[in-house]
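Residues per chain are reported as follows:
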Amino acid sequence: MKNTISLVLTVCLSRCLSLDARNLTALMTLAVGLTNESYPLQACDTLCEWLRANPKYAHIVERSGMAQPAPTRTSSLLFPSQFQQTKELYLAAARLSPDPLDAEVQVGLGVLFHLGAEYEKAIDCFDAAVHAQPDNALLWNKLGATLANSNRSAEAVDAYRQALTLSPGFVRCRYNLGISCMNLDAHKEACEHFVSALDQQRQGYTPDGRRSTMSDSIWRTLRSCMVIQGGDRKLLSLIDNFNLDGLMQEMGISRI
């Protein structure tokens, strides 16, 4: 899943930043995407670039003496010293905007706490961010993912549903919701979400204008969930043949 949706997102955001390197929305979204892709070093670099590009916080980075990142990184290994310094920069930024809080700073802090496996602190940050920006589907999805990582699947489901109410075509969130349903032993609902995610995915386009392909990862997860549910032979056969239209018809799932 990460190698399909997040990769496309990363390519689009990188293109956006090649046109405007100080695009704050693109920088923060890219930092989240790099975290999802398990590139912690590049995520921290991008978080620092967000601070540098923001006139309100640029002086924090300048005073810290943190060097500019190398143009290209050959490794994604994040050293504890850089991680700690980046976190301290964001804590300093948060202290500058206590009321009203800056939702983007809270997102950055949430990403950093997530990278450090401090999930409860990350949840607090993302919860603060969604209260500041309640119409932001990306934030609701990130809150859901962090809740899920803390084994709070029922709460994660609520966050994912809120994200999908705001953005029904959010494929990653639909997939995440399916995973949380699996964790709650709601396998029928999980399968339905995976099928809907596949259908939404095939309706999309790649950055170069080609039709998106459906994720093998989602198909595999769907099959595993179907087996756990009881392994209906007809449905499994449709899955094995990648017959999505047949699956949707057999399961009574309408296009979203």
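Each value, and the rule that gives it
- Residues numbered from 1 in each chain as written.
- Predicted model: local features only at pLDDT ≥ 70, side-chain atom pairs only at ≥ 80, totals over all residues.
- Heavy atoms only, no water.
- Helix = DSSP H or I, 4+ residues; strand = E, 2+ residues; numbered from the N terminus.
- Rg over C-alpha atoms; globule rule 2.2 N^0.38 Å.
- Buried < 20%, exposed > 50% of the residue type's maximum accessible area, 1.4 Å probe, protein only.
- Contact = heavy atoms within 4.5 Å.
- Areas by Shrake-Rupley, 256 points an atom, 1.4 Å probe, with all protein chains shown as cover.
- Lys, Arg positive; Asp, Glu negative; His and termini not counted.
- Charge placed at Lys NZ, Arg CZ, Asp CG, Glu CD.
- Core = buried A, V, L, I, M, F, W, Y, C linked by side-chain atoms within 4.5 Å.
- Expected span 1.5 Å × (residues − 1).
- Arc of directions from axis to C-beta.
- Salt bridge = Lys/Arg side-chain N within 4 Å of Asp/Glu carboxyl O.
- Axes fitted to C-alpha atoms, helices over the stretch in contact; angles between N-to-C directions.
- Parallel < 35°, antiparallel > 145°, perpendicular 65-115°, else oblique.
- Left-handed = near helix turned anticlockwise from the far one by under 90°.

S.K.: Sorry, what's going on with the overall build of the protein here?
M.R.: Within the protein, the regular secondary structure consists of 14 helices and zero strands. The C-alpha radius of gyration of the protein comes to 20 Å, within 12% of the 18 Å expected for a compact globule of 256 residues. Across the 256 residues that make up the protein, the buried fraction comes to 49%. Once local pairs closer than 6 in sequence are excluded, the contacts in the protein between residues at least 24 apart make up 55%. For the protein, the exposed area adds up to about 12,800 Å²; of that, 52% sits on carbon and sulfur atoms. The positive charge centre, built from 24 side chains, and the negative charge centre, built from 26, are 4 Å apart in the protein.

S.K.: What's the story with the environment of Cys44 in this structure? I'm lost.
M.R.: One can find Cys44 in helix α3 (residues 40-53). Sequence separation between Cys44 and Ala31 is 13 residues; the distance between their C-alpha atoms is 7.2 Å. Contact partners of Cys44, with chain neighbours within four places excluded, come to Leu78, Gln82, Phe83, Thr86, Leu112 and Leu115.

S.K.: Where do I start with the nonpolar core in this structure?
M.R.: Note on soluble globular proteins: their nonpolar side chains tend to be buried together. By size, the foremost hydrophobic cluster in this structure holds 79 residues, and its most contacted members are Tyr90 and Leu222. When residues of this core are assigned to their parent elements, the largest contribution, eight residues, is made by α3. With sequence-adjacent residues up to four places away left out, Leu222 is seen in contact with Cys191, Phe194, Val195, Leu198, Ile239 and Leu247.

S.K.: Can you help me understand unusual backbone geometry in this one?
M.R.: The bulk of non-glycine residues show a negative phi, and the bulk of peptide bonds are trans. Unusually for a residue other than glycine, Ala117 sits at a positive phi of about 60 degrees. Residue position: Ala117 is located in the loop between α6 (103-115) and α7 (119-132). Notably, Asp185 is not glycine yet its phi reads approximately 65 degrees, a positive angle. When you line up the elements, Asp185 lands in the loop between α10 (171-183) and α11 (187-202).

S.K.: What should I look at first to understand helix α5 (residues 80-96) in this one?
M.R.: Since there are 3.6 residues in each turn of an α-helix, residues three or four apart along the chain are aligned in direction. Taking 1.5 Å of rise per residue, 17 residues should cover 24 Å, and α5 covers 25 Å from first to last C-alpha, within 8% of that figure. Three or more residues of α5 are buried, namely Gln82, Phe83, Thr86, Lys87, Leu89, Tyr90, Ala93 and Ala94. Take α5 and look down its axis: the buried residues cluster within an arc of 155 degrees, on one side only. Pointing more than 90 degrees away from the buried face of α5 are the exposed residues Pro80, Ser81 and Arg95. Packed against the buried residues of α5 are α2 (24-36), α3, α4 (58-64) and α6.

S.K.: Is there a simple way to explain the side chain of Glu104 in this structure?
M.R.: Within the secondary structure, Glu104 sits in helix α6. No salt bridge is formed by the buried Glu104; the nearest opposite charge belongs to Lys56, separated by 12 Å. Once you skip the residues sitting within four places of it in the chain, Glu104 turns out to touch Met28, Trp50 and Gln133.

S.K.: Looking at this structure, I do not really get the packing of α2 against α3. What am I missing?
M.R.: Geometry of a packed helix pair, given as the angle between the helix axes and the separation of the axes. Between α2 and α3, the least distance of the axes is 8 Å, while the angle of their chain directions is 165 degrees. It follows from the interaxial angle that α2 and α3 lie roughly antiparallel. At the point where α2 passes α3, the crossing takes the left-handed sense. Here α2 contributes Leu24, Leu27, Met28, Leu30, Ala31, Leu34 and Thr35 to the contact with α3, which in turn contributes Gln42, Ala43, Thr46, Leu47, Glu49, Trp50 and Ala53.

S.K.: How do you make sense of the pattern of salt bridges when you look at a structure like this?
M.R.: A side chain of one charge can pair with a side chain of the opposite charge when the charged atoms of the two come close. Applying the stated rule across the entire model yields 11 salt bridges. A salt bridge links Lys121 to Glu118; its shortest N-O distance comes to 3.1 Å. For Lys121, a relative accessible area of 44% corresponds to the partly exposed category. Assessed through its relative accessible area of 24%, Glu118 is described here as partly exposed.

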